[in-house]
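Breakdown of the fold
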Amino acid sequence: MVFPTEEYRLLVLFRYWNAVEYFFPYKYQMDQNWDSVLYEMIPKFRNAENNIDYHLTLMELTAKLNDSHAFYASQYIFDKFGDLFASVRAKLVDDQLTVVGFYDDSLGILTGLQAGDVILKINEEKIDSLIQSRHKYMAASNQAVLNRNVSMHLLNGNDSTAIITINRNGRIIEQEINR
């Protein structure tokens, strides 16, 4: 069901919770007590108002496992975060989103970016706030993997272009890139 009734949303939560409770071997290595996850998630599942709320809640629940192999994706997630990708490979280096290369060199050249550029903003939104808004949805077993997963998706979007603000050797530059 794409957006089930409240009763079915709760049933999904309880089924998932029980599968982890009784069969997940690393339950005791998670950041928070699995019982408290249930109490935290019940109101979120009950109060989901639309498809995107519901699918984000499923994504958040999956991230609670602290397991890099666990993830949730759906078309609604792509609608929210974007299903268009930039050819830029960026990585969090010393808490700064830094261009480290390109997925396709010929497309990468067209962006005007260079390895070592520090991305400060994407479409006028600061990188720190973008990172904070996505952390709770990313499943990861440690901070390094969390940073990798978040940085891989920050340049995604629904628009075919993005305006990014970069710091290149002390110069602040605005650049439009294609997705």
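Please refer to the structure placed before this passage.
Residues numbered from 1 in each chain as written. Predicted model: local features only at pLDDT ≥ 70, side-chain atom pairs only at ≥ 80, totals over all residues. Heavy atoms only, no water.

This paragraph deals with the side chain of D117. Along the polypeptide, D117 turns up in the loop between α5 (105-111) and β3 (118-122). When its relative accessible area of 1% is taken as the criterion, D117 is described as buried. One polar contact links D117 to R168, side chain to side chain, over a distance of 2.8 Å. Those residues in contact with D117 that sit more than four places away from it in its chain are L97, T98, V99, I166, N167 and R168. (Helix = DSSP H or I, 4+ residues; strand = E, 2+ residues; numbered from the N terminus. Buried < 20%, exposed > 50% of the residue type's maximum accessible area, 1.4 Å probe, protein only. Polar contact = N/O pair within 3.5 Å; in protein donor to acceptor, adjacent residues only side chain to side chain. Contact = heavy atoms within 4.5 Å.)

Our focus in this paragraph is the pattern of salt bridges. Per the counting criterion, the structure on display carries eight salt bridges. Residues E40 and K64 are paired through a salt bridge, measuring 2.9 Å at the closest nitrogen-oxygen approach. With E40 in helix α2 (residues 34-47) and K64 in the loop between α3 (51-63) and α4 (75-81), this pair connects stretches of sequence that are 24 residues apart. The residue K44 makes a salt bridge to E60 at a minimum N-O spacing of 2.6 Å. Of this pair, K44 sits in helix α2 while E60 is found in helix α3, placing the two residues 16 residues apart along the sequence. The exposure class assigned to K44 is partly exposed, which follows from its relative accessible area of 29%. Overall, the relative accessible area of 6% leaves E60 in the buried class. (Salt bridge = Lys/Arg side-chain N within 4 Å of Asp/Glu carboxyl O.)

Core analysis: the largest hydrophobic core is formed by 25 residues, its most contacted members being L113, I119, I122, I127, L154, L155 and I164. Of all the secondary structure elements, the ones that give two or more residues to this core are β1 (88-93), β2 (96-102), β3, α6 (127-135), α7 (143-153), β5 (161-168) and β6 (171-178). Core analysis: the second largest hydrophobic core is formed by 17 residues, V20, F45, L58 and L65 among them. (Core = buried A, V, L, I, M, F, W, Y, C linked by side-chain atoms within 4.5 Å.)

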